[in-house]
Amino acid sequence: MTTKLKKIFWLSPVRTQALEHKIQALLAAGYHVIYCEDVQGFLIEFNRMRAGIVLISDNYPEESLALADLRFLANMQELGGVRFILVPELKYNNCMSFAACLGFRDIIPIDLGNSLWMSRFLYSTSGAPTLWGDPLGKISLDEPCKVSTPGRLIWFSEKEIRIECKLEPVLDVPLRITGPIVKALDADSIRFYPTAIDKQNLIYRFSRGLVGKYHIENGRFAAIQEVLSHLDGVENIRRCKVFIAISTGILRKSVISALDTFRFDVSVALHRHSISSDPIYFCPHVIILEDVVCQGINQPEFESLLKNIGKTTPLVILGKNIDEEKWLKRYPNNRLFFESQLPIDFVRLIFEKYLGIKFEDFSKKREEHGVISADHDFSYVNIHFDAKLTQIHPLSLSLVSEAHLLPYSLCKIRTPSLNQKLNSEPYLKVTDTFYQAGSHNDTGHKEIRGYICTANKRDGEIIADIARDLLHYQLKDYFIDNGGAERKKLPTLVEATLKPATSSREKDEELAIELPDFSFADFFQQIRDYLVGKESQTLRYFLVFVLVTGFAIGVIWGLSSILAPRYEKSGRQYTEELQKFKKNFGH
């Protein structure tokens, strides 16, 4: 019995040898890759054979051509539920920044080893939240860091703005905003004071809507009026968001064709599981379903959909194979409408029958502020905040900040130890955010973990070199006699293996403290993924330092644990143990 392969698309103008290697790796993992060399070919194949994952290479002859295709595909209404991955080969900086702004799931360089590349791909394209194993043996440091994460500006008024992003900030604590609209205001940046966090009524591939007041340093009131006048001049209205789940191709195309882009913003379910998950962030005004996707094997997904939408959201079910009276009794708390076939005056019915409002009244909200369309340059912004780089590893970084970046976020980091050697500002893919031990409320600092997603194999070697030099610097005065000079305190690498007491995931659930085994075999295997088929003297030195240090600390820690009183395992008591350990052996 053969296993059905999962379909994915790969758009790349050039079919390179490196791309072929990754296609073979995907095939071995159970994926069928549909290769397209241009957007036209992709659209033809996509209409014939739909898939929920699209990989895009950057090997275009010009960066501007790549940017045009990224913008076109990411803003297509029918591709609203697609998980996009950028696969850099030429590493165009603007392409990587634009992919982050468009809400791409990840940026995965093509020259990574197949094992690491596939792990990154599987993590970023997972339909459900998954855990990313944080590597052990990270080197501690304490370095100021600037972080910027992309967002999309939804509307702009004289006093307030709304931004969608993957950031959950501390309310009323200012953030710095940059982007094209800031330049139009004759300012370098604006201070944004978020006053509310909204998880509903979202448009883009982000998880939060931030509403708040803003202040322009040395800004001109006239410039604000000029921007508002410009936005009023743009043909832009409030559009009705419609989510469609229809399995019959002809019916699906007919419905989409009836919904013009002037009045409607459309998102289409790509597969059965999308029926319940996609509307969570899209927050549609109307949902249109075919009868076959609501019954039989699809009924659990349909009922899950009902739990994820508001009770007032109308659901229009198209088809003849449904018992209307039975369904109205089964779901009395939902607004269900039934149509045996697609009505001729479907657009009018959407507003006047299903929503109970005329289109003219529905679109009037634009008078309160300047609404910014998806294809307008003003919609792209970056949100900046301060952090500290606290741990470094060739496969992972840790930051500490007041802001809470959600898992799967992409953010750009600027810190001297990395930027000078990498000669760029790399992007971090956030894999988890934890409250620090002892911080049990929303004002506590968070530890942000992730990997440098834009780092290719060469960058991985550079980061390993930085970590090796840092480890050597921290340990040289401890293990080498300096002729009576004061020794530095022993760095507490054991802290890298402790899990925090509280997680700041969606529900802030409590986690048990664990002290996992320190596996150098796993660590070495992860490093080898960066350098498959190539020996690296830098990494050999780095691993020797980590092995020696880990062994020495393990022996001392073991003796300390035997001699010291037994403590109940908790984050605070582990900290007390570490403080005693430093006092006895740190000088």
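In the block above lies the structure referred to throughout.
Quick notes on the rules
Residues numbered from 1 in each chain as written. Predicted model: local features only at pLDDT ≥ 70, side-chain atom pairs only at ≥ 80, totals over all residues. Heavy atoms only, no water. Axes fitted to C-alpha atoms, helices over the stretch in contact; angles between N-to-C directions. Helix = DSSP H or I, 4+ residues; strand = E, 2+ residues; numbered from the N terminus. Parallel < 35°, antiparallel > 145°, perpendicular 65-115°, else oblique. Contact = heavy atoms within 4.5 Å. Nonpolar A, V, L, I, M, F, W, Y, C, P; charged D, E, K, R; others polar. Pairing = 2+ DSSP bridges. Phe/Tyr/Trp six-rings, centres within 6.5 Å; stacked < 30°, edge-to-face > 60°. Buried < 20%, exposed > 50% of the residue type's maximum accessible area, 1.4 Å probe, protein only. Left-handed = near helix turned anticlockwise from the far one by under 90°.

**A closer look at the packing of helix H3 (residues 63-74) against helix H4 (residues 93-101)**
At a minimum axis distance of 9 Å, the contact between H3 and H4 shows a crossing angle of 10°. With respect to their mutual orientation, H3 and H4 come out roughly parallel. When H3 is examined against H4, the residues Glu63, Ala66, Leu67, Leu70 and Arg71 are found in contact with a partner set consisting of Asn93, Asn94, Cys95 and Phe98. Classifying every residue of the contact of H3 with H4 gives five nonpolar, two polar and two charged.

**As for the sheet that holds strand E1 (residues 6-11)**
Reading across from one edge, E2-E1-E3-E4-E5 is the order of the five strands in this open sheet, with parallel pairing throughout. Each edge of the sheet is formed by a strand with only one pairing partner; in this case those strands are strand E2 (31-36) and strand E5 (106-107). As paired elements, strand E4 (residues 83-87) and E5 share two bridges and run parallel to each other. Bridging across to E5, isoleucine 85 finds its partner in aspartate 106.

**Here's the deal with the packing of aromatic side chains**
Overall, the coordinates contain 20 aromatic pairs when judged by the stated rule. Look at tryptophan 117 and phenylalanine 121: their rings are 5.8 Å apart centre to centre, the planes differ by 5°, and that puts the pair in the stacked class. Residue tryptophan 117 and its partner phenylalanine 121 are located together in helix H5 (residues 114-125), separated by four residues, close to a single helical turn. Side by side, tryptophan 117 and phenylalanine 121 carry an identical accessibility label, which is buried. Grouping aromatic residues by their ring pairs yields a cluster made of Trp10, Tyr31, Trp117 and Phe121.

**A look at the packing of helix H2 (residues 39-48) against H3**
Packing of H2 against H3 brings their axes to within 11 Å, and their N-to-C directions diverge by 25°. Looking at the two axes, H2 sits roughly parallel to H3. The element H2 and its partner H3 pack so that their crossing is right-handed. Residues Val39, Phe42 and Leu43 of H2 touch H3, and the partners they reach there are Asp69, Phe72 and Leu73. When its residues are assigned to classes, the contact of H2 with H3 shows five nonpolar, no polar and one charged.

**Side note on the pairing of strand E21 (residues 410-414)**
Sheet topology note: the strand E6 (residues 139-156)/E21 ladder contains three bridges and is antiparallel. Paired with lysine 146 across the strands is arginine 414, a residue of E21.

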